[in-house]
2 protein chains.
Amino acid sequence: MRDLSRDNDFLSLNTTTVRGQAGLLDIIDAVARAGIPGISPWRDQTQACGIEIAAKCIKANGLKVSGYCRGGWFTTAGRAGFKAAVDDNRRAIDEAATLGAQCLVMVVGGLPERSRNLPGARALVRDSLAEVLPYAIAAGVPLALEPLHPMHAAERSCVNTMAQANDLCDELGTGIGIALDVYHVWWDPDLEREVKRAGRERLLAFHICDWLVPTRDMLFDRGMMGDGVIDIPYIRRLVENTGYSGFCEVEILSKDWWKRPIGEVLSTCVVRYRTVC
Amino acid sequence: MRDLSRDNDFLSLNTTTVRGQAGLLDIIDAVARAGIPGISPWRDQTQACGIEIAAKCIKANGLKVSGYCRGGWFTTAGRAGFKAAVDDNRRAIDEAATLGAQCLVMVVGGLPERSRNLPGARALVRDSLAEVLPYAIAAGVPLALEPLHPMHAAERSCVNTMAQANDLCDELGTGIGIALDVYHVWWDPDLEREVKRAGRERLLAFHICDWLVPTRDMLFDRGMMGDGVIDIPYIRRLVENTGYSGFCEVEILSKDWWKRPIGEVLSTCVVRYRTVC
């Protein structure tokens, strides 16, 4: 297991963590000044400033792009939306390639509107990923399936466990892996088995934050590492035991942290990364 | 699959559904007048009126007791609380026997206070159940493990899937089974497999309500059947394909439904049970 206490070498900031405070160009600047070597921007943020400008600014600041958020969202309009969703994912792949992102994080979508057909949504996700995958491979952008917590099954992702993500990877072949976020999987009794099963090849990203008790909002009440109940070192050990040597990407969606000065958020991320992760 | 449309023969009301409106004796009266043949009271409600009086009143109204809520809560004080929790569960078993309840529903508890050790909590649950089980068998009260949604792993239950409940039943032997609540398991990709695995012997209770979109509160925003996204008939078919022939117990924890007149809530339960379940 790596020693994180002495430097920030494997720290990355997912830019949604400070989306309340600044636009992407200012975030890039703050991340570089905080001595954080990695960044993972969101699509709406790159679109606001322009993807070419975002890529140039990230490169000028010497940052690595640990991921790009997010592709997916295949299910909103059901089968009728198949082609539009696939096309949009191809654009996201192009953007990820422009950024030099290590992966495109995939949040696959939940139930289609007015649908209760969860197996149907899952089949649509599989078919959509299969359609998008050759384009991603050609662009050199690995797709990173992110299983989302089961509380998001209806609205955001019908892929809810590492086992499901591994099954999809088995089915789809190369070019696709997994983004493991401790927030979504910490409860899973099969976590150890499924992290081993994923292995070094498939684990494309490792996201950290914490689960607060109580959690007052299902979307925007994630905690800073150390403020909640997730045993982050335990999960990091599982991940690094596979040979994972990539970034630990901080991704906190929180109405509380969005209210604080960006410098305070970033310096807290650094301290917690070094001391409790 | 049973035809529910013509009568209320398999309908039961979990009394927490109307806990905002009335005490237990008034609820029993309202349930009987609504033509609902089953009831499942909560412990705090029987304690408020006295367990003997509750039992007498339920019997006088000709109601069957589909379950008693709840045993469990083994983990709050960690290993130090083992004996107190076991003793309290023995009292719950006695109360369930007095009521003639078909099972004692077990909500096992989440992480101990100030703990991040989820595997430890799960081991404590297993040991506590093993300690309580002989007493339950002697009293003729089956224990019904209720896997709770993973969003409750920290605070309420570290048993979060049907697979975990089945594993515990495998380990503990006879006298223990499962209470399946659609709210907690509808998202589970292994649901079909694990319901089959549980089978008729283990499925001791079947709870119904709905998952609302959006869900505004993790505890108290459950929906009336038909108002959400759960494919209840699909899950009921899985359950009844095992040979399950017991009650469909309505359990809705909802700040909205607690505000409505008790008669309106019960008549809505009847209509929805007959038309959308």
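One can find the structure itself at the top, above this paragraph.
Residues numbered from 1 in each chain as written. Chains lettered and ligands numbered in written order. Predicted model: local features only at pLDDT ≥ 70, side-chain atom pairs only at ≥ 80, totals over all residues. Heavy atoms only, no water.

**Student:** Let's hear about the relation of the copies chain A and chain B: which residues, and what values?
**Tutor:** For these two chains of identical sequence, chain A goes onto chain B by a turn of 180° and a shift of 0.0 Å along the axis, with RMSD 0.0 Å. The symmetry that links the two subunits is that of a two-fold axis. The overlap is high: 100% of the interface residues of chain A also sit at the interface in chain B, so the same surface is used on both sides. (Least-squares fit on C-alpha atoms with pLDDT ≥ 70 in both. Contact = heavy atoms within 4.5 Å.)

**Student:** Can you tell me about the interface of chain A and chain B, naming the residues and giving the values?
**Tutor:** Each partner contributes residues to the interface: chain A has 28 residues there, and chain B has 28 residues. Three residues, R116(A), W187(A) and M218(A), lead the burial of chain A against chain B; their summed loss comes to 25% of the area buried on that side. Connecting chain A to chain B are zero salt bridges. Here chain A is connected to chain B by six residue pairs in polar contact (both at pLDDT 80 or more). Partitioned by chemical class, the residues of the side of chain A that touches chain B number 15 nonpolar, eight polar and five charged. (Buried area = accessible area lost by both parts, 1.4 Å probe. Salt bridge = Lys/Arg side-chain N within 4 Å of Asp/Glu carboxyl O. Polar contact = N/O pair within 3.5 Å; in protein donor to acceptor, adjacent residues only side chain to side chain. Nonpolar A, V, L, I, M, F, W, Y, C, P; charged D, E, K, R; others polar.)

**Student:** Provide a residue-level description of the sheet that holds strand β6 (residues 143–145) of chain A, including the pertinent values.
**Tutor:** Think of a sheet as strands paired side by side through backbone hydrogen bonds, with each pair either parallel or antiparallel. All names here are of chain A. The parallel open sheet is built from nine strands, whose spatial order is β3-β2-β1-β9-β8-β7-β6-β5-β4. Sheet topology places β3 (64–65) and β4 (68–72) at the edges, where each strand pairs with a single neighbour. Judged from the three bridges that link them, strand β5 (residues 104–107) and β6 form a sheet pairing that is parallel. Note that in β6 the partner of L104 across the bridge is L143. Helix α1 (residues 24–33) contacts β1 (11–14) and β2 (38–40) of the sheet and is inclined by roughly 155° relative to β2. (Pairing = 2+ DSSP bridges. Helix = DSSP H or I, 4+ residues; strand = E, 2+ residues; numbered from the N terminus. Axes fitted to C-alpha atoms, helices over the stretch in contact; angles between N-to-C directions.)

**Student:** Can you break down the sheet that holds strand β7 (residues 176–181) of chain B residue by residue, with the values?
**Tutor:** Residues and elements named next belong to chain B. Judged by pairing direction, the sheet is parallel, and its nine strands sit side by side in the order β3-β2-β1-β9-β8-β7-β6-β5-β4 without closing on themselves. Pairing within the sheet leaves two strands with one partner each, and these edge strands are β3 (64–65) and β4 (68–72). In the sheet, strand β6 (residues 143–145) pairs with β7 via three bridges, with the strands oriented parallel. Its bridge partner being in β7, L145 is matched across the sheet by I178. Relative to strand β8 (residues 203–208), helix α8 (residues 191–202) is tilted by about 125°, and along the sheet it contacts β7 and β8. Along the sheet, helix α10 (residues 262–275) makes contact with β1 (11–14) and β9 (248–250), crossing β1 at roughly 140°.

**Student:** Please give an account of the packing of aromatic side chains that cites residues and values.
**Tutor:** Aromatic rings in a pair are described by how distant their centres are and how their planes are angled relative to each other. Using the criterion set out here, one finds nine aromatic pairs over all chains in the structure. Ring plane angle 85° and centroid distance 5.7 Å describe the contact between W187(A) and W187(B), whose orientation is recorded as edge-to-face. Of this pair, W187(A) sits in the loop between α7 (182–185) and α8 (191–202) while W187(B) sits in the loop between α7 (182–185) and α8, each in a different chain. Given a relative accessible area of 1%, W187(A) falls into the buried group. Taken together through their ring pairs, the aromatic side chains of Y183(A), W186(A) and W211(A) make up a single cluster. In this arrangement the basic side chain of R2(A) is found over the ring face of F10(A), its NZ or CZ atom lying 4.1 Å from the centre. Of note, R260(A) hangs over the ring of W257(A), and the distance from its end group to the ring centre comes to 3.9 Å. (Phe/Tyr/Trp six-rings, centres within 6.5 Å; stacked < 30°, edge-to-face > 60°. Buried < 20%, exposed > 50% of the residue type's maximum accessible area, 1.4 Å probe, protein only. Lys NZ or Arg CZ within 6 Å of the ring centre and 35° of its normal.)

**Student:** I'd like a rundown of the environment of L266(A), residues and numbers included.
**Tutor:** All names here are of chain A. Turning to its location among the elements, L266 is positioned in helix α10 (residues 262–275). In this structure L266 comes out as buried when scored by relative accessible area, which is 2%. Remark: the alpha-carbon pair of L266 and T17, spanning 249 residues in sequence, is separated by 9.1 Å. Filtering out sequence-adjacent residues up to four positions away, L266 remains in contact with L13, V18, A30, V31, A34 and I36.

**Student:** I'd love a proper account of the side chain of N166(B), names of residues and values included.
**Tutor:** Residue and element names in this part refer to chain B. Position of N166 relative to the elements: it lies in helix α6 (residues 162–172). Among the polar contacts made by the side chain of N166, one reaches the side chain of E194 at a distance of 2.9 Å. Once residues within four sequence positions are removed from consideration, N166 is found in contact with I178, E194, R197, A198 and R202.

**Student:** Lay out helix α4 (residues 82–99) of chain A with the relevant residues and their values.
**Tutor:** Because an α-helix completes one turn every 3.6 residues, residues spaced three or four positions apart along the sequence face the same direction. Residues and elements named next belong to chain A. Relative to the 26 Å expected for 18 residues at 1.5 Å per residue, α4 spans 26 Å between its end C-alpha atoms, a close match to the ideal helical length. Taken residue by residue, α4 has A85, V86, N89, A92, I93, E95, A96 and L99 as its buried positions. G100 occupies a position one or two residues after α4 and carries a positive phi of about 70°. (Expected span 1.5 Å × (residues − 1).)

**Student:** Could you give an account of the pairing of strand β8 (residues 203–208) of chain A, with specific residues and numbers?
**Tutor:** Residues and elements named next belong to chain A. Counting buried residues in β8 gives five out of six residues, a clear majority hidden from the surface. Where strand β7 (residues 176–181) and β8 come together, four bridges link them in parallel fashion. The residue bridging D181 from the neighbouring strand is H207, located in β8. Traced from β8 through helix α9 (residues 232–240) to strand β9 (residues 248–250), the parallel crossover comes out right-handed. (Right-handed = clockwise from strand over helix to strand, strands pointing away.)

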